Amino acid sequence: MTVSTWTVERAVEELRAAETGRTARRPITDDWPELDLATAYQVQTALVAARGARVIGVKLGLTSRAKQQRMGIDAPLTGWLTEDMAVEAGIPIPAGELIHPRVEPEIVFTLGTRLAGPGVTPATAMAAVRTVSAGLEVIDSRYRDFRFTLPDVVADNASSARFVLGDVTREPGTLDLGLEACVLRVDGEFADTATGAAVQGHPANALALAANALAERGLALEEGWHVLTGGLTDAIPFRPGHTVTAEFTHLGTVTLR
Ligand code: OOG
Ligand code: MG
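The shown structure was predicted, so the numbers you read here are calculated from the model rather than taken from an experiment.

**Q** Give a detailed account of the overall build of the chain, specifying residues and quantitative values.
**A** In terms of regular secondary structure, the chain is built from 7 helices and 11 strands. Its C-alpha radius of gyration of 17 Å places the chain within 12% of the 18 Å reference for a compact globule of 257 residues. Each of the three principal axes of the chain carries a C-alpha extent, and together these read 60 × 45 × 30 Å. Among the 257 residues that make up the chain, the fraction classed as buried is 52%.

Rendered as structure tokens:
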């Protein structure tokens with residue numbers, strides 16, 4: 001019998017090595033099949049702590065059918081957003097720092113008050129929102145070909161890399177976010193489209209889901225935090241020199257180069 005020598009600490013080291021060495025690795029569960037979801041979230045928290053950047057919010061992953069079908073996983077997850085992931089609009093993404101980046105458009109909430117589960121409903125979730133904006137998330141799995149199981153991607157902080165927020169902010173309640181549309185283009189060419197309803201039927205459902213999921217681990221969404229509600233469309237490969245735009249009905253246009 002072989003005894004697994006994997007631990008939370010070892011998983012963190014392996015993921016850090018893949019990230020800093022810009023080399024994708026095989027899924028941790030290939031070597032550590034016993035990695036369960038609760039332990040994977042411990043890896044995620046330890047990984048983000050090891051990177052040392054301040055937490056400024058939460059990202060949801062795999063909240064839309066487009067994303068779930070592409071990744072072959074039908075359960076949403078959460079990860080942490082840190083200060084160093086936020087990129088100013090207009091500043092080029094340092095693609096050389098990443099392994100195989102992909103871009104996806106998202107609807108983003110910024111919280112005016114703390115939001116703690118359990119029992120958060122979409123309505124109570126929206127009552128905590130100060131502003132809504134559009135965003136483009138750059139994801140970059142530390143796993144080869146973005147191939148992973150749910151515990152793998154949870155451990156890898158949901159493939160987090162960078163994100164940009166649009167400069168239009170709207171108060172919730174002034175928009176029907178289920179009907180808010182987004183057109184994604186690469187170098188001006190149409191790539192994909194979706195409305196806010198693609199995310200769990202409505203982005204408010206995703207926000208409530210995040211608050212309730214964090215509550216299971218004794219955590220809450222804090223005032224001032226950003227919440228990325230999940231890719232509306234499938235993510236598209238981000239190649240140096242390309243310009244990706246996400247044009248929203250009321251939330252403006254977000255550009256990444
Ligand atoms: C996992 C990250 C998912 C989203 O918005 O669905 C995510 C992945 O697709 O690699 O950020
Ligand atoms: Mg995302």
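**Q** Lay out the nonpolar core with the relevant residues and their values.
**A** If you look at the biggest cluster of nonpolar residues, it comprises 49 residues, and the most contacted ones within it are Leu115, Leu207 and Leu221. When residues in this core are grouped by element, the largest group, 7 residues, is from helix H7 (residues 203-215). The contacts of leucine 115, once residues within four sequence positions are left out, are Val120, Thr124, Ala125, Ala128, Leu207, Ala211, Ala220 and Leu221. Leu15, Trp32, Phe146 and Ala155 belong to the second-largest nonpolar core, a separate cluster that totals 26 residues.

**Q** Break down the coordination of the magnesium ion (ligand 2) for me, with residues and values.
**A** Around the magnesium ion (ligand 2), the protein contributes the donor atoms Glu104 (OE), Glu106 (OE) and Glu137 (OE), which lie 1.9 to 2.0 Å from the metal centre. Relative accessible area serves as the criterion here: at 1%, glutamate 137 is assigned to the buried category.

**Q** Tell me about the packing of aromatic side chains, and please be specific about residues and values.
**A** Working definition: an aromatic ring pair is given by the centre-to-centre distance plus the angle between the planes. Under the criterion given, the structure shown has 3 aromatic pairs. With 6.1 Å between their ring centres and 25° between their planes, tryptophan 6 and tryptophan 32 make a pair best called stacked. With tryptophan 6 in the segment before helix H1 (8-20) and tryptophan 32 in the loop between helix H2 (28-31) and helix H3 (37-51), the pair connects residues that are 26 residues apart, well separated along the chain. Lying over the aromatic face of tryptophan 6, arginine 10 brings its terminal NZ or CZ to 4.1 Å of the ring centre.

**Q** Account for H3, naming residues and giving values.
**A** Its 15 residues place the ends of H3 21 Å apart at the C-alpha level, agreeing with the 21 Å of an ideal helix rising 1.5 Å per residue. Of the positions making up H3, those classed as buried are Thr39, Ala40, Tyr41, Val43, Gln44, Leu47, Val48 and Arg51.

**Q** Describe the pairing of strand S3 (residues 102-111), naming the residues involved and giving the relevant values.
**A** In terms of burial, S3 is a largely internal element, 9 of the 10 residues being buried. Judged from the 10 bridges that link them, S3 and strand S4 (residues 129-139) form a sheet pairing that is antiparallel. Counted as the bridge partner of threonine 110 is threonine 131 from S4. Two elements, S3 and strand S8 (residues 226-228), share 3 bridges in a ladder whose sense is antiparallel. Bridge pairing links valine 108 to leucine 228 in S8.

So, how was this worked out
- All residue numbers refer to position in the chain's written sequence, counted from 1.
- Naming scheme: in the order in which they are written, chains are lettered from A and ligands are numbered from 1.
- Given that this is a predicted model, residues contribute local features only at a pLDDT of at least 70 and side-chain atom pairs are listed and counted only at 80 or more, while totals for whole chains, interfaces and linings are drawn from all residues.
- By convention in this description, side-chain values take in all heavy atoms of the structure and omit both hydrogens and water.
- Labels follow the DSSP assignment, with helices taken as runs of H or I lasting at least four residues and strands as runs of E lasting at least two, numbered in each case from the N terminus.
- Atoms counted for the radius of gyration: C-alpha only. Globule rule: 2.2 Å times residue count to the power 0.38.
- Throughout this description, buried means an accessible area under 20% of the type-specific maximum (1.4 Å probe, protein chains only), exposed means over 50%, and partly exposed covers the range between.
- Side-chain atoms within 4.5 Å link the members of a nonpolar core, which is a set of buried Ala, Val, Leu, Ile, Met, Phe, Trp, Tyr and Cys residues.
- We call two residues in contact whenever any of their non-hydrogen atoms come within 4.5 Å of each other.
- Sites may look incomplete because water is not among the atoms; the donors themselves are N, O and S atoms within 2.8 Å of the metal, or within 3.2 Å for Na, K and Ca.
- By convention, a stacked pair of Phe, Tyr or Trp rings (six-membered ring in the case of Trp) has centres within 6.5 Å and planes under 30 degrees apart, an edge-to-face pair has planes over 60 apart, and any other such pair is tilted.
- Throughout this description, the term charge over a ring refers to an Arg CZ or Lys NZ atom that lies within 6 Å of the ring centre and within 35 degrees of the ring normal.
- Here the expected span of a helix is defined as 1.5 Å times the quantity of residues minus one.
- A strand pair is defined by DSSP finding two or more bridges across the two strands.

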